Amino acid sequence: MNFSDQYFMKQAFLEAQKAKEKNEVPVGAVVVCNNQIIARAHNLTETLNDVTAHAEMLAITSAAEFLGGKYLSECTLYVTLEPCVMCAGALSWAQVKRIVFGASDEKRGYARCQPSLLHPKTIIESEIMKDECQEIVKDFFRHKR
């Protein structure tokens, strides 16, 4: 982990906090290209009444629009929770260069369900701000139940 990984994960975590304030599952994401944030997003599945409105999906769309192309082959996605299979599939199609996530998702994470789903050149790093990223999700569901 380097300084910029910590900084960018903190930015993704701020997005997760925005989701929590909207009563959304608190997952946040940022897409970084050339050391600059080009997209920010958080879960909006409840707000938009759309099961595909995960932070990663929204960030991919925003980043592609910013870049003017569908491939994110020079980009890093920072996301607070391990991507699900749907998001991992989209990240594979977008050919994202690197994915950095905070907490693993033992129930719905791509690594448990479909570990070979990501693009073969994608670099994966995890456990950046793991404790904070786990706690915000656990706290959210603790208050839901």
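None of the values given here were measured: they were computed from a predicted structure. (Residues numbered from 1 in each chain as written. Predicted model: local features only at pLDDT ≥ 70, side-chain atom pairs only at ≥ 80, totals over all residues. Heavy atoms only, no water.)

A. Expanded view of the UniProt feature "active site" (unreviewed entry) in the chain. UniProt feature "active site" (unreviewed entry): in the numbering of this structure it lies at Glu 56. As for its placement among the helices and strands, Glu 56 is situated in helix α3 (residues 55-67). Taking relative accessible area as the criterion, Glu 56 reaches 3% and is therefore assigned buried. (UniProt positions renumbered as here; feature names shortened; annotations may be inferred. Helix = DSSP H or I, 4+ residues; strand = E, 2+ residues; numbered from the N terminus. Buried < 20%, exposed > 50% of the residue type's maximum accessible area, 1.4 Å probe, protein only.)

B. Spatial organisation of the pattern of salt bridges. Inspection of the entire model under this criterion finds 8 salt bridges. With its nearest N and O atoms 2.9 Å apart, the salt bridge here joins Asp 5 to Arg 98. Here Arg 98 lies in strand β4 (residues 98-103) and Asp 5 lies in helix α1 (residues 3-21), a separation of 93 residues in the sequence. A residue is classified by how much of its surface remains accessible, and Asp 5, at 2% relative accessible area, is buried. Judged by its relative accessible area of 15%, Arg 98 falls in the buried class. (Salt bridge = Lys/Arg side-chain N within 4 Å of Asp/Glu carboxyl O.)

C. Main features of the packing of aromatic side chains. Scanning the model with the defined rule gives 3 aromatic pairs in all. With centroids separated by 5.2 Å and ring planes inclined at 70°, the aromatic side chains of Tyr 7 and Phe 8 adopt a geometry described as edge-to-face. Under the relative-accessibility criterion, Tyr 7 is labelled partly exposed at 38%. Overall, the relative accessible area of 5% leaves Phe 8 in the buried class. One aromatic cluster is present, built from ring pairs that chain together Tyr 7, Phe 8 and Tyr 78. (Phe/Tyr/Trp six-rings, centres within 6.5 Å; stacked < 30°, edge-to-face > 60°.)

D. Representation of the sheet that holds strand β1 (residues 28-33) within the structure. The mixed open sheet is built from 5 strands, whose spatial order is β2-β1-β3-β4-β5. Of all strands in the sheet, those bounded by a partner on one side alone are β2 (36-42) and β5 (123-126). Neighbour-to-neighbour, the strand axes of this sheet turn through a mean angle of 15°, independent of strand direction. Note that β4 and β5 share 4 bridges and pair parallel. Bridge assignment links Phe 101 to a residue of β5, and that residue is Ser 126. (Pairing = 2+ DSSP bridges. Axes fitted to C-alpha atoms, helices over the stretch in contact; angles between N-to-C directions.)

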